[in-house]
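Each chain, letter by letter, is given below.
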Amino acid sequence: MRWPFGKKEKRSPTEEITLKEMEPFATEFLEGPAYSGVRVTERRAMGLSAHFACVRVISTTLASLPIHIYERTKEGKRRAYDHPLFPLLHAKPNPEMTAFSFIEALQAQICNRGAAFAEIVYSRKGEIAELWPIPPGVCRPQRNPKTKELEYYFPKTGDILPNWKILHIPGLSFDGLNSFSPVGLFMQTFGMGIAVEEYGSRFFGQGTHVGAVITHPKTLSDVAYTRLKTELSDKYRGLEHSHGVVFLEEDMKYTRLGMNMEEVQFIETRKLTVTEMARIHGVPPHLIADLERATFSNIEEQSIEAVVYLFRPWAVRWEQALNARLLTPEEQERYYVKFEVDGLLRGNIKSRYEAYAIGRTNGWLSQNEIREKEDMNPLPGGQGNTYLTPLNMAEANNPKKEDKREEL
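For every chain, the first residue of the written sequence is number 1, and numbering continues from 1 along that sequence. Reporting in this predicted model follows two pLDDT cut-offs: at least 70 for local features of residues, and 80 or more for side-chain atom pairs to be given and counted; totals over whole chains, interfaces and linings ignore these cut-offs and use all residues. Water and hydrogen atoms play no part in the side-chain values, which are based on all heavy atoms of the structure.

*Asks:* Explain a positive patch on the surface to me, please; I cannot follow it from the model alone.
*Replies:* Only residues whose relative accessible area exceeds 30% and that form no salt bridge are eligible for patches; like-charged ones are grouped when within 9 Å, while nonpolar side chains (Val, Leu, Ile, Met, Phe, Trp, Tyr) are grouped when within 5 Å. What sets the accessible areas is the Shrake-Rupley method with a 1.4 Å probe; for residues, cover comes only from the shown protein chains. Salt bridge, as used here, is a side-chain nitrogen of Lys or Arg placed within 4 Å of a carboxyl oxygen of Asp or Glu. Positive charges come from Lys and Arg, negative ones from Asp and Glu, while His and the chain ends are left out of the count. Lysine's charge is taken at NZ, arginine's at CZ, aspartate's at CG and glutamate's at CD. A contiguous patch of positive charge on the surface is contributed by Lys77, Arg312, Lys338 and Lys373. Numbering goes from the N terminus for both helices and strands, where a helix is a DSSP run of H or I of at least four residues and a strand is a run of E of at least two. With respect to the helices and strands, lysine 373 occurs in helix 13 (residues 367–373).

Below you can see the structure in the form of structure tokens.
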């Protein structure tokens with residue numbers, strides 16, 4: 001079974017509900033319209049370029065990070081390639097999706113809904129065999145009234161799945177379960193943005209503003225008025241007819257009326273929408289192509305701040321959810337899931353090699369550790385596992401070692 005729909009006593013992949021059937025239900029929680037007069041849904045919100053850009057940047061960046069399962073050992077740690085979860089998280093969580101598309105889809109749900117859910121499918125051995133994303137809005141967490149255990153309720157079908165069958169990645173919330181939906185919580189902000197987009201489109205498409213006045217020294221007959229109105233509407237109205245030449249008859253005069261767009265705050269409101277979307281998602285403006293306040297001197301610092309304050313917290317949220325939901329308590333003492341966020345902080349090749357040289361010469365990086373960071377195979381025979389020790393340095397608690405080296 002992929003998604004928990006159909007009769008309780010008989011579940012199979014053939015009883016899945018289609019995405020088309022789920023879409024109306026998935027948007028019911030958004031009560032609209034907003035005060036701006038437009039109805040706000042996730043699909044319409046994704047039509048805002050700034051919101052789409054924020055969701056895309058967060059989702060694709062997180063999905064592009066390498067994710068591994070590590071095993072704690074006496075020597076430190078090692079990648080647990082033999083763990084059943086490793087191929088699911090690193091390559092393919094199910095037969096139809098890659099790990100990139102799986103993480104990208106769930107993160108996009110979190111950015112819109114505030115939380116993401118996936119069904120955990122177990123093999124006959126009791127191991128996790130597949131992970132299937134659950135479409136947004138079709139399930140919600142609740143407490144069993146008798147056992148007080150956490151479970152997941154599907155209102156459309158009445159199905160209830162236990163905690164161990166659902167991978168739940170919550171967003172910001174007050175209780176850790178019922179997350180705030182950014183689109184629902186900021187419905188008025190999204191509604192204003194959608195209304196501004198619609199206003200601008202209609203402004204250029206219909207030309208509803210009064211751009212000019214035509215005066216006639218006498219009174220026009222009904223026939224002449226109709227002909228003049230039809231001709232002006234057909235030949236000069238709309239974006240495709242802009243900047244055309246108007247031909248007037250019978251001493252008529254054309255007076256252009258200037259329209260100040262800033263008076264209606266159209267341009268400023270569009271800029272505000274971009275700023276608001278970046279603020280809601282915590283995305284630095286330059287990552288969504290808003291370079292109005294970006295400079296060559298501060299854009300690198302902003303990129304580092306994006307890793308520290310945006311992508312790393314999301315990675316930690318995912319790591320802890322995956323550890324808690326996919327690993328048993330016994331396994332959590334031995335294994336853990338981790339995103340490789342350090343790759344986002346890698347500078348250019350010259351800066352990286354200079355940093356490696358410092359670590360190598362000061363004795364806290366080996367050749368193989370450096371090669372691993374550059375996705376290179378270790379040196380054969382273990383020759384790359386040695387560490388260097390500077391001759392002019394000694395241990396703080398044993399300064400006599402330095403004297404022995406000097407004697408040699």
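*Asks:* Before we go on, may I ask you to explain the pattern of salt bridges in this structure?
*Replies:* A side chain with one charge may pair with a side chain of the opposite charge, provided their charged atoms come close. Throughout the structure, instances matching the rule amount to nine salt bridges. A salt bridge links glutamate 372 to arginine 79; the nearest nitrogen and oxygen atoms lie 3.9 Å apart. Here glutamate 372, found in helix 13, pairs with arginine 79, found in strand 2 (residues 76–79); they are 293 residues apart in sequence, far enough to count as distant. Per-residue accessibility, obtained with a 1.4 Å probe over protein chains only, is compared with the maximum for each type, and a residue is labelled buried under 20%, exposed over 50%, and partly exposed between these values. Residue class for arginine 79 comes out partly exposed when judged on its relative accessible area of 24%.

*Asks:* Help me understand a nonpolar patch on the surface in this model?
*Replies:* A grouping of Ile304, Val308, Tyr309 and Leu345 is seen on the molecular surface, where their side chains present a nonpolar patch of about 400 Å² in accessible area. Summarising the element assignment, tyrosine 309 is placed in helix 10 (residues 299–326).

*Asks:* For this particular structure, what's the right way to read the sheet that holds strand 5 (residues 140–143)?
*Replies:* Each strand in a sheet pairs with its neighbour through backbone hydrogen bonds, running either in the same direction (parallel) or in the opposite one (antiparallel). Note: two strands are recorded as paired if DSSP finds a minimum of 2 bridges between them. Across the sheet, which stays open at both edges, the three strands sit in the order 5-6-7 with antiparallel pairing between neighbours. Two strands close off the open sheet at either side, each with one partner strand: strand 5 and strand 7 (159–162). Each neighbouring strand pair of the sheet contributes to a mean axis angle of 40°, computed without reference to strand direction. Bridge count between strand 6 (residues 150–154) and strand 7: four bridges; the pairing is antiparallel. Residue tyrosine 153 lies in a different strand from strand 7, and its bridge partner there is isoleucine 160. Axis lines are fitted through C-alpha atoms, for helices just across the contact stretch, and the angle between N-to-C directions can take any value from 0 to 180 degrees.

*Asks:* Before we go on, may I ask you to explain the packing of aromatic side chains in this structure?
*Replies:* Here the aromatic set is Phe, Tyr and Trp, taking the six-membered ring for Trp, and pairing holds for ring centres within 6.5 Å; pairs whose planes are under 30 degrees apart are stacked, those over 60 apart are edge-to-face, and all others are tilted. What the rule picks out here adds up to seven aromatic pairs. Aromatic pair phenylalanine 174 and phenylalanine 180: ring centres 4.8 Å apart, planes at 85°, arrangement edge-to-face. Here the basic side chain of lysine 77 rests over the ring of tyrosine 70, its NZ or CZ set 4.6 Å away from the ring centre. The criterion for a charge sitting over a ring is simple: Lys NZ or Arg CZ within 6 Å of the ring centre, and within 35 degrees of the ring normal.

*Asks:* Help me out: how do you make sense of the confidence of the model for the chain in this one?
*Replies:* Interpreting fine coordinate detail is not advised for predicted regions of low pLDDT. Per-residue confidence from the prediction method is given by pLDDT, with values spanning 0 to 100. When the pLDDT values of the chain are averaged, the result is 80; 76% of them are 70 or greater. Ranking the elements of the chain by mean pLDDT puts helix 1 (residues 19–26) last, at 42, and helix 5 (residues 99–113) first, at 96. Contact criterion: two residues are considered in contact whenever any of their non-hydrogen atoms come within 4.5 Å of each other. Low confidence marks residues 1–29, where pLDDT is under 50. Its contacts with residues over four positions away, or in another chain, come to 64 contacts.

*Asks:* What exactly am I supposed to notice about the sheet that holds strand 1 (residues 67–73) here?
*Replies:* Read from one edge of the open sheet, three strands run 2-1-11, paired in antiparallel fashion. Where the open sheet ends on each side, the last strands, each with one partner, are strand 2 and strand 11 (335–339). Direction aside, neighbouring strands of the sheet carry axes that sit 40° apart on average. One ladder, built from five bridges, connects strand 1 with strand 11; its direction is antiparallel. Residue glutamate 71 lies in a different strand from strand 11, and its bridge partner there is tyrosine 335. The strands touched by helix 10 within the sheet are strand 1 and strand 11, with strand 11 carrying the most contacts at an inclination of about 155°.

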